[in-house]
Amino acid sequence: MVGGRMDLVLDVNQHGAHCVLGVRGEIDVSTAPRFRECLIGLVNDGHRQVVADLSEVDFLDSVGLGVLVGGLKRLRSHEGNLSLVCTQGRILKVFEITGLDTVFTVHASVAEAVAET
Amino acid sequence: MAGDVVALEIPAEAEFVALVRLVVAAMARSDGGLSAEQIADLELAVSEACTNAIEAHDALSSSERVVVRCRRDLTGIEVCVEDRGGGFDPSSLPNHPPVTDPTRLKFERGLGIPLIRALVDEVEFKAADQGTAVRLVVRNND
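Starting from 1, residues in each chain are numbered consecutively following that chain's sequence as written. Just so you know, chain letters begin at A and ligand numbers begin at 1, following the order they were written in. Given that this is a predicted model, residues contribute local features only at a pLDDT of at least 70 and side-chain atom pairs are listed and counted only at 80 or more, while totals for whole chains, interfaces and linings are drawn from all residues.

K.L.:
Would you mind showing me how to read the interface of chain B and chain A here?
P.N.:
Think of interface size as the accessible area that goes away when the parts come together; that is how it is often given. Taken together, the contacts link 23 residues of chain B with 23 residues of chain A. Segments assigned H or I by DSSP are reported as helices when at least four residues long, segments assigned E as strands when at least two residues long, and all are numbered from the N terminus. Every element with two or more residues in the side of chain B that touches chain A is listed here: helix H1 (17-29), helix H2 (36-59) and helix H3 (112-119) of chain B. Here the element with the most residues in the side of chain B that touches chain A is H2(B); it accounts for six residues. Residues are sorted three ways: Asp, Glu, Lys and Arg are charged, Ala, Val, Leu, Ile, Met, Phe, Trp, Tyr, Cys and Pro are nonpolar, and all the rest, Gly among them, are polar. For the side of chain B that touches chain A, the per-class residue count stands at 14 nonpolar, four polar and five charged. For the purpose of contact definition, each residue receives a C-beta atom placed from its backbone, and two residues are in contact when these atoms lie within 7 Å.

Have a look at this one:
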């Protein structure tokens, strides 16, 4: 933690067929390696329908986007999928600028994401 | 651009990028001329520039420091990020395929410079002393 800011907290919960990775804090060049390691671990553990819940992410940079793209690629290669939950304008804006909002399915809530078949 | 100035010299280590964001955001908020969205955009652009600087140093195993200069005045804020990472030509970066192209997923990196260009009012990449200086400007709302 720097200056009272939250670093990165990751927690994993199973919702039916979906594995929900809750992410809180800031995803940048410092914290992205742990995020990447966690996503890879989920795939290696056999999870195929993964939801990354970014609704409590305060900051996301291009390194974090790269982790998400890598996770999506890895899951698709196993016939799985990575979808996102994102509600904060500043985070959604990053997806819109890069065009990645058309690559990922972005949901407004975990309930909506896990209802997806 | 005259006005208040803050300068930071940070080790070229990822853990210090969040500190730079904090300082730049505090400077940006100091006179109320920028919106919350502009400040968030600047934080991200500065973070991207610092990440590039740190990675450039890392590629050379350089122990030199990255210098961040932040200047605030009545017109807006200017942030310069200077590295000694050997320099690079931003125009030489490969173009990504369109996002609708499935091969787009091969590109996990390379989004930082396009983000910087989209987020600030003015950006300049200059060859500096053994590296690159990135100058970012965000202007106050009228």
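K.L.:
Even after reading the chapter, I still don't get the confidence of the model for chain B, so can you show me in this structure?
P.N.:
Caution applies to low-pLDDT parts of the model: their predicted coordinates are not meant to be read in detail. A score from 0 to 100, pLDDT tells how confident the predictor is in each residue. The share of residues in chain B with pLDDT of 70 or more is 83%, and the mean pLDDT across the chain is 87. Here the prediction assigns the complex a pTM of 0.89, and the interface score ipTM is 0.90.

K.L.:
Could you clarify how one ought to interpret the pairing of strand S3 (residues 49-60) of chain A in this entry?
P.N.:
Taken residue by residue, a regular strand's side chains alternate between the two faces of the sheet. All names here are of chain A. Strand pairing requires that DSSP identify at least two bridges connecting the strands. Note that strand S2 (residues 18-27) and S3 share eight bridges and pair parallel. Pairing of Gly25 across the sheet is with Val57, part of S3. Seen with its strands pointing away from the viewer, a crossover is right-handed when the path leading from the first strand over the helix to the second is clockwise. Crossover handedness for the path S2 to helix H1 (residues 32-44) to S3: right-handed. In this structure, S3 lies alongside strand S4 (residues 81-85), joined through five bridges in parallel fashion. Following the sheet pairing, Asp53 is matched in S4 by Val85.

K.L.:
Even after reading the chapter, I still don't get the nonpolar core, so can you show me in this structure?
P.N.:
Most often, soluble globular proteins keep nonpolar side chains buried together rather than apart. All names here are of chain B. Ranked by internal contacts, the top residues of the largest apolar core, which has 69 residues, are Ala45, Val46, Cys50 and Val81. Counting residues per element, this core draws most heavily on H2, which supplies 10 residues. Those residues within four positions of Val81 in sequence are excluded, and the remaining contacts are Val46, Ala49, Cys50, Ala53, Val66, Val68 and Val134. Under the definition applied here, buried Ala, Val, Leu, Ile, Met, Phe, Trp, Tyr and Cys residues are grouped into a nonpolar core through C-beta atoms within 7 Å. Each residue is classified by how many other C-beta atoms fall within 10 Å of its C-beta atom, where C-beta atoms are placed from the backbone; a count of 20 or more means buried, 12 or fewer means exposed, and values in between mean partly exposed.

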